[in-house]
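Close look at the chain arrangement
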Amino acid sequence: MTNNQVDNLIEQDASTISQDDTPTGNDKTSDGMIMTLNYAAPSHVSLSADQQSTHSRHVALFTQLDRDAVSFHGTVKDPLVFRDSLLALFDVVSSDYRYVPKDRAAYAVFMQMRRASRHKNLFSAQRDYFTWLFDNDPLAFCLLDPIIQVHQTGVSFEVFSRDEGCYAQLTLQHDLFETDAAPVLGTTSIDYSSALFDGIEQIRDHQTTTLDIGQEAVHLQRSELPKPSTDTSDAASTESAPTNEVIEKRINVPKSWIRALLQVQSAGQLAHERIDLDPIALYNVLFELRMHADIKGKRRGLLIELIPQQLPVIILEPFDIAVTSQVSRQQTPYQGQKAKLIRLWGRRRLSLLKRLLPHTDTVSVSLLGQGMPSYWTLTGKGFHFTFAMTGFSQANWSQSLNFDLLLPTRPQQNALKNESHNDDVLPLIQALAEQPSRIDALTERLSAPRTSDHLMTTSHVRQQLLSGAQQGLIRYDMANQSYYYRPLTQTPLDMAQFAHHNEAEKQAFDLVSREDSVQNLNVQTMPMQGVSISADIHVKEDRRTYQSQLQLGEDGLVSRAVCSCPQYLQHRLSQGICTHLIALRLSYHQYDHTQTNSWHDTRTLSKRVPKVQPKKKAKPSFTKETAQSILPTSNILDLSTLAQGLPLDDTHAKPSSNNSTAHTVRYVYLTCDHKKLLIEQVIDDDSTRQQFVFNQPADAHAAFLQHIARFEAKGFIENKGV
């Protein structure tokens, strides 16, 4: 997503529009906006004739002409780090993990093209195919250009994937460059084309690589054949003056891209659990995912087991492969007060980080909660790369609402457009524009000119920072926990366009804010099935009450939706989600999950236990002399023991805990339903079930709590998020 794309989105309502012959690019379509991107020249990696002898590469990134001038010129000290980091950035911006069902119509067109191209050569057939694809699906070639910021500590790139599920932020520090001139600080966007990707791939370590960021245009000398004339003035007028080459692109971009970018970036400031991993642990996770394909109908989560004062453990479902960090002796154990088991989805997206692993020194993971976005920060010499994945492949309505409610209410007006109503945000923005800083230093700077009665508190500054991030004015760098002033657009965003996904969601928020609109809310947790939610939605305008019901799976996705409104009865979900189902989902998040007045509660606990090996047939016994002649006398080399610094001749060395076949996960589901208590234990494909009936609901609930304490004393961890 580019800054110019957002500029055009805001400028569609502006009164001043260019009157020249250049297309404005503000035409509306059913899917979004057609954006016009103006660049001085396409970004490229060039190798001129005079540079071939010195083996140098010149990376030219030409910025937008509509933004303020931004420039940076420097020689790269480590070309391999520079190359792999930019290639990893390109992998994220071009990734698309959305499920594509079989399209029989496209197959019919393909077969028709195949019959028509039967007697053509390969080049002609490929040309016809790509011509058809470009005419029928132009977004297949569309890559949204990254946002680039030149600041006091280096150069930062921000990209968003095509499926709206991944966000990446790359910062190349000044230590990675040798600069002669002072850079011009600012924010803009660059042309990130496939030609730039192909050129960056050719960068080698023995070459001198130079990075240039700016608006320098290419000067062209155009001339025409002189007409036969004796007048010298007419002959002189035939040559045209040098002009600037302007590359223009028109891209259809939905508003959801901008909205998702603001949310994923600002959610990094919320409360989270942070753990540290070794790069080899992340490599082992990617290796196991590459060696084990997903099984249809089985779990596909990534379990992160957090036990106080122990190293974090990553478990891959359904294979129960446990991966932990055992190489680094400076590994930090989990510092939390309570054991947690957090499940993440979208684990295949982690393969986008494989290019940076050879250059990574440390890996830190920030977890927002069960099924919520996770942030993976890779830090190396001269760079840090933050990768955020939302856990779902596209912006579906169930998960997007779940994500929106993590954030405070989005501001309805931009701080730069209404300065009188944002007296606290403007001083904060001015302070960050002068110098990026962390929240403690920023609070001290803002409190200096104030009196003791009106000092700025840290919580108030944090709220203003989150509000500025939602408005596209502030960027949070999770690697160094600093805030930067980064205006997403040249023109301030109109926040009214990004408050809600659609009109149905806007009406749902209005219903939830009313009194007695959501009646008889009932929440029941079903073991191994998810959560069932039902309520009566009263709409005053319709003078009717609708019965709505939702069933959420363990991953938070909606598996069943039923409503008695006319829209659902006539169209089901083919015409979109009705307002009443969205209001039911919003009410579920406001529901007090700790209340036990209904005497219905369900808890899920899990524990890694040794896997029971199947019994084998008895084999012939061997004598001691026979065993010594077959088995080697030396001890088995344990790599994990060697990494911890133990001597090699230790006869009591334990086997490595990274054995993927040594452990499995045992689940315990405890359900208290009025006077009944149900305990169900599942391990692999075997399950046992116990049911107890009591005389009073209070007795059943007391036994429910006692069984939870008993299982926790045995080492079971409650399976829930932050």
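Residues numbered from 1 in each chain as written. Predicted model: local features only at pLDDT ≥ 70, side-chain atom pairs only at ≥ 80, totals over all residues. Heavy atoms only, no water.

**Observations concerning the overall build of the protein**
- Of the regular secondary structure elements, the protein holds 19 helices and 32 strands.
- Within the protein, the proportion of its 722 residues that are buried is 46%.
- The long-range fraction of contacts in the protein, counting pairs at least 24 apart against all pairs at least 6 apart in sequence, stands at 70%.
- Accessible area for the protein stands at about 37800 Å²; split by element, carbon and sulfur atoms hold 51% of it. (Helix = DSSP H or I, 4+ residues; strand = E, 2+ residues; numbered from the N terminus. Buried < 20%, exposed > 50% of the residue type's maximum accessible area, 1.4 Å probe, protein only. Contact = heavy atoms within 4.5 Å. Areas by Shrake-Rupley, 256 points an atom, 1.4 Å probe, with all protein chains shown as cover.)

**Some points on the sheet that holds strand E17 (residues 321-324)**
- Spatially, four strands are ordered E17-E16-E15-E18 in an open sheet, and the strand pairing comes out antiparallel. Of all strands in the sheet, those with a lone pairing partner are E17 and strand E18 (340-344), marking the two edges. In this sheet, neighbouring strand axes are inclined to one another by 25° on average, regardless of whether the strands run parallel or antiparallel.
- Where strand E15 (residues 302-306) lies against strand E16 (residues 313-316), four bridges are found, and the strand directions are antiparallel. Opposite leucine 302, over in E16, you have leucine 316 as the bridge partner.
- Sitting on the sheet, helix H9 (residues 279-291) touches E15, E16 and E17, and the angle it makes with E17 is about 160°. (Pairing = 2+ DSSP bridges. Axes fitted to C-alpha atoms, helices over the stretch in contact; angles between N-to-C directions.)

**Re the pairing of strand E19 (residues 360-367)**
- Among the eight residues that make up E19, six are buried, leaving the element largely enclosed by the rest of the structure.
- As paired elements, strand E14 (residues 273-277) and E19 share five bridges and run antiparallel to each other. Note on E19: the bridge partner recorded for arginine 274 is serine 366.
- Here seven bridges tie E19 to strand E20 (residues 374-380), and the two strands are oriented antiparallel to one another. Bridged to valine 365 within E20 is tryptophan 376.
- Taking the residues between adjacent antiparallel strands as the criterion, E19 and E20 are bridged by six residues, where glycine 369 takes a positive phi near 155°.

**Here's the deal with the nonpolar core**
- Membership of the largest hydrophobic core comes to 65 residues, with the highest contact counts inside it found for Phe82, Phe157, Trp376, Phe385 and Phe387.
- Among the elements that make up this core, the one with the highest residue count is helix H3 (residues 79-93) (nine residues).
- Filtering out sequence-adjacent residues up to four positions away, phenylalanine 82 remains in contact with Val59, Val76, Leu172, Phe177, Ile203, Thr209 and Leu211.
- With 39 residues, the next largest nonpolar core counts Trp257, Leu432, Ile439 and Leu446 among its residues. (Core = buried A, V, L, I, M, F, W, Y, C linked by side-chain atoms within 4.5 Å.)

**Examining the sheet that holds strand E30 (residues 676-683)**
- Strands sit in the order E31-E30-E29-E28-E32 across an open sheet of five strands; the sheet is antiparallel. The open sheet is flanked by strand E31 (686-693) and strand E32 (717-718), the only strands paired with a single partner.
- Taken together, the two bridges between strand E28 (residues 600-610) and E32 define a ladder with antiparallel strand orientation. Residue leucine 605 lies in a different strand from E32, and its bridge partner there is glutamate 718.
- Packing of helix H19 (residues 697-713) onto the sheet brings it into contact with E28, strand E29 (663-673), E30 and E32, and relative to E29 it is tilted by some 165°.

**Things to note about the pattern of salt bridges**
- In total, this model carries 15 salt bridges according to the counting rule given.
- Aspartate 477 is paired through a salt bridge with arginine 475; the nearest N and O atoms lie 3.9 Å apart.
- Connected through shared salt-bridge partners, Asp294, Arg347 and Arg348 make up one network. (Salt bridge = Lys/Arg side-chain N within 4 Å of Asp/Glu carboxyl O.)

**Here's the deal with helix H14 (residues 503-513)**
- Of the positions making up H14, those classed as buried are Ala504, Glu505, Ala508, Leu511 and Val512. All buried residues of H14 fall inside an arc of 115° around its axis, so they share one side. (Arc of directions from axis to C-beta.)

**Overview of the packing of aromatic side chains**
- Here the structure, examined in full by the defined rule, presents six aromatic pairs.
- A cation over an aromatic ring shows up here: arginine 475 above the ring of tyrosine 484, its NZ or CZ 4.4 Å from the ring centre.
- The lysine or arginine in question, lysine 714, covers the ring of phenylalanine 711, its NZ or CZ lying 5.9 Å from the ring centre. (Phe/Tyr/Trp six-rings, centres within 6.5 Å; stacked < 30°, edge-to-face > 60°. Lys NZ or Arg CZ within 6 Å of the ring centre and 35° of its normal.)

**Topic: the confidence of the model for the protein**
- Of all residues in the protein, 69% have pLDDT values of 70 or greater, and the mean over the chain is 75.
- Contacts of residues 47-53 to residues separated by more than four positions or lying in other chains number six contacts, the stretch itself having pLDDT below 50.
- Every residue in residues 217-227 scores below 50 in pLDDT, and together they form 21 contacts with partners more than four places removed in sequence or on other chains. (pLDDT = per-residue confidence, 0-100.)

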